Amino acid sequence: MGMLDGKVAVITGAGRGIGRGEALLFAAEGARVVVNDLGGEWDGTGADPRPAEQVADEVRSAGGEAVANFDDVSEEAGAESLIRLALETWGHLDVVVNNAGILRDRMVFNMSVEEWDAVIKVHLRGHFLVTRAACVHWRELAKAGHAVRGRIVNTSSTSGILGNAGQANYGAAKAGIAAFTQIVALEMKRYGVTANAIAPGARTRMTEKTFGALSLPEGQFDALAPENIAPLVAYLASDQAAHITGQVFGVQGGLIQLYQGWTPIAEITKDARFTPAEIAARSGELFREHPTEYSPLRSPLRQLTGIGGEGDGA
Ligand SMILES: NC(=O)c1ccc[n+]([C@@H]2O[C@H](COP(=O)([O-])OP(=O)(O)OC[C@H]3O[C@@H](n4cnc5c(N)ncnc54)[C@H](O)[C@@H]3O)[C@@H](O)[C@H]2O)c1
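Keep in mind that this is a model prediction, so the values were computed, not measured.

Caption draft 1: The arrangement of the pairing of strand E7 (residues 248–252) in detail. The element E7 is largely enclosed, with a buried count of five among its five residues. Both faces of E7 are covered, namely the face carrying Val-248, Gly-250 and Gln-252 and the face carrying Phe-249 and Val-251. By the bridge criterion, four bridges tie strand E6 (residues 193–200) to E7 in an arrangement that is parallel. Its bridge partner being in E7, Ile-198 is matched across the sheet by Phe-249. Of the strand pairs in this sheet, E7 and strand E8 (residues 255–258) are connected by four bridges, and their pairing is antiparallel. Residue pairing across strands places Gly-250 opposite Gln-257, the latter belonging to E8. Here E7 folds back onto E8 in antiparallel fashion, the turn holding two residues, of which Gly-253 has a positive phi close to 55°.

So this is what it looks like as structure tokens:
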């Protein structure tokens, strides 16, 4: 008995890295998987059907069921055809894992509009388009009186929820994905759909771009293996996680963290409108022991690799 027996899952960007690990584990847990991957370069250029085909082949040779799909998740037609493929192949859809992503790192003062748009398009718009296509379907089913147990697992990043210099486009998209996840969770609760997000840490071509080659001594648990991310995603996709929604988790190696989002931590009040001078006079009251300058926690990836400094996160 697998935790995902009978489920149909769409996993985007599943031809490599974290998504590949998710596809293989989902299939091992009994899910039938649409393995989507455009197959482009790390920066989003190009396309190649081989990564998705190879992972679908790996699933089938391990005795599982998978179909490969090469659609671009950031295009409306691509996102819709991806969801349609799941429905046409297996007659239903239970899980969407939004994982596809690219990088175009640059300090904000050097970033081109094209670099900004390319990253926002694949991550934020891509998450929206695939999620919308699935939610239209699930809402119609629920309205027709069917029991729906839809699951959405999105992929955020510490680059967005903590912040990382050099990744204004990527971090803004990833923070947007965390907010998008919470809002979709609120909107889809009544239709039996949960939405959660992960902020993973793993050695993939994406982290090689920002951290360089990451390795661990032989014989130890490989805390940076991309396959370490999938178990949490499989759990969130399962019936056992029906009560968990709108949450953001950090996950890396044998570590799973629960994040808390933006929360007010101090306030000043007055029974009328403030003047700027009054705010200046009372700003110390607002900050008290809190720093006035933002400085993020070190992500688990930075802690593990010992890499610090600015502009080198993932
Ligand atoms: N590796 C990490 O430590 C880390 C950290 C934080 C977040 N993430 C996120 O995890 C996800 C997976 O990244 P990864 O590290 O496995 O990198 P990866 O490059 O190995 O995998 C990403 C995959 O997405 C595919 N893809 C890109 N654009 C696509 C598109 N428009 N349509 C369909 N497929 C597309 C790529 O072809 C690639 O195979 C990404 O969203 C990434 O931002 C990774």
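Caption draft 2: Layout of unusual backbone geometry. Of note, Arg-288 is a non-glycine position whose phi angle comes to about 40°, a positive value. Its place among the elements puts Arg-288 in the loop between helix H9 (276–287) and helix H10 (300–305). We classify Arg-288 as exposed; it has 8 C-beta atoms within 10 Å.

Caption draft 3: The site of the ligand, seen in detail. Surrounding the ligand, one finds 36 residues, the nearest of these being Gly-13, Gly-17, Ala-100, Gly-101 and Thr-204. Broken down by secondary-structure element, the contributors of at least two residues to the shell around the ligand are helix H1 (17–28), helix H4 (113–143) and helix H7 (205–211). Grouping the amino acids of the shell around the ligand by side-chain chemistry returns 14 nonpolar, 18 polar and four charged.

Caption draft 4: Geometry of the packing of helix H3 (residues 76–90) against H4. Two elements in contact, H3 and H4, have axes separated by 8 Å at closest approach and are oriented at 45°. What the angle tells us is that H3 and H4 run oblique. For the pair H3 and H4, the crossing hand works out as right-handed. For the pair H3 and H4, contact is made by Glu-76, Ala-79, Glu-80, Leu-82, Ile-83 and Leu-87 and by Leu-129, Val-130, Ala-133, Ala-134 and His-137, respectively.

Quick notes on the rules
- Residues numbered from 1 in each chain as written.
- Predicted model: local features only at pLDDT ≥ 70, side-chain atom pairs only at ≥ 80, totals over all residues.
- Buried ≥ 20, exposed ≤ 12 C-beta atoms within 10 Å, placed from the backbone.
- Helix = DSSP H or I, 4+ residues; strand = E, 2+ residues; numbered from the N terminus.
- Pairing = 2+ DSSP bridges.
- Near = placed C-beta within 6 Å.
- Nonpolar A, V, L, I, M, F, W, Y, C, P; charged D, E, K, R; others polar.
- Axes fitted to C-alpha atoms, helices over the stretch in contact; angles between N-to-C directions.
- Parallel < 35°, antiparallel > 145°, perpendicular 65-115°, else oblique.
- Left-handed = near helix turned anticlockwise from the far one by under 90°.
- Contact = placed C-beta atoms within 7 Å.

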